[in-house]
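Now for the letters of each chain:
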Amino acid sequence: MNLSQVYLNPRRKLVDEVVDWLCREERVRLVDGAHSLSHLMVIVPTAQSGRRLRLKLAERMGAAIPPEIRLPQQLLLGEDFRRETEDDEIAGRTDELLAFQEALGEKGTLDVAAQFSDIRGILGGNALTFADVADRIGDILTDETADFEIERWKGFAELEERYFAALAKRGKTDRIVAMKKVIADPPRLEG
């Protein structure tokens, strides 16, 4: 793996700087007659920033094969991580949905389970669980809705505990919990 550091102009929008850097002639390859950046990987902080990058690249290059765009958690918990740790017990999307359905009890429709799983996925981008938010929300909010929000997130944290128990019954580990373990003791990558 060839890694290098690049310093970008902090006075410009980051997405514009990245697109300029990616679109330099020496980086763009021709694959079957199409411009391609597929030999490159860009790590973005959020899914939205990845969408903005793809959009800017499309505006700039037209029809082109984009680079591989990954979120940090995809690197930590992707196939390479699973192969490296031989941990096939990390819950996938189906496991999460079934566990949330079980944790929700009679309210456990697939739609509601998917909403909770999606919210956890967004929080997972910052290695946060419902319990983490419940612990911190009181320090963040100070207006009249603070009490309501604190109670709501405590309820989410209780739901999350039932979700963890449902995953454990299936012999699965939550991916955010697994990510926190990796962050605490990161794998050593070559290069």
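Residues numbered from 1 in each chain as written. Predicted model: local features only at pLDDT ≥ 70, side-chain atom pairs only at ≥ 80, totals over all residues. Heavy atoms only, no water.

## Things to note about the packing of helix 6 (residues 110-124) against helix 8 (residues 146-169)
One way to put it is that helix 6 packs onto helix 8 with a least axis distance of 12 Å and a crossing angle of 100 degrees. With respect to helix 8, the element helix 6 is oriented roughly perpendicular. On helix 8, the residues that touch Phe116, Ile119, Arg120 and Leu123 of helix 6 are Trp153, Phe156, Leu159, Glu160, Tyr163 and Phe164. Of the residues in the contact of helix 6 with helix 8, the class split is eight nonpolar, no polar and two charged. (Axes fitted to C-alpha atoms, helices over the stretch in contact; angles between N-to-C directions. Helix = DSSP H or I, 4+ residues; strand = E, 2+ residues; numbered from the N terminus. Parallel < 35°, antiparallel > 145°, perpendicular 65-115°, else oblique. Contact = heavy atoms within 4.5 Å. Nonpolar A, V, L, I, M, F, W, Y, C, P; charged D, E, K, R; others polar.)

## Quick look at the pattern of salt bridges
All told, the structure shown has 16 salt bridges when counted by the stated rule. The partner of Glu102 in a salt bridge is Arg170, and the shortest N-O contact between them spans 3.1 Å. Taken together, the residues span a long stretch of sequence, with Glu102 in helix 5 (residues 93-104) and Arg170 in the loop between helix 8 and helix 9 (175-184) at a distance of 68 residues. Using a relative accessible area of 35% as the deciding quantity, one classes Glu102 as partly exposed. When salt bridges that share partners are traced, they join Arg12, Glu17, Asp20 and Arg60 into one network. (Salt bridge = Lys/Arg side-chain N within 4 Å of Asp/Glu carboxyl O. Buried < 20%, exposed > 50% of the residue type's maximum accessible area, 1.4 Å probe, protein only.)

## Structural notes on the confidence of the model for the protein
Across the protein, pLDDT averages 82, with 86% of residues at or above 70. Of all helices and strands in the protein, the one with the weakest mean pLDDT is helix 4 (residues 79-85) (43), whereas helix 8 scores best (93). Confidence drops under a pLDDT of 50 for residues 79-86, and excluding neighbours within four residues, the segment shows ten contacts in the predicted structure. (pLDDT = per-residue confidence, 0-100.)

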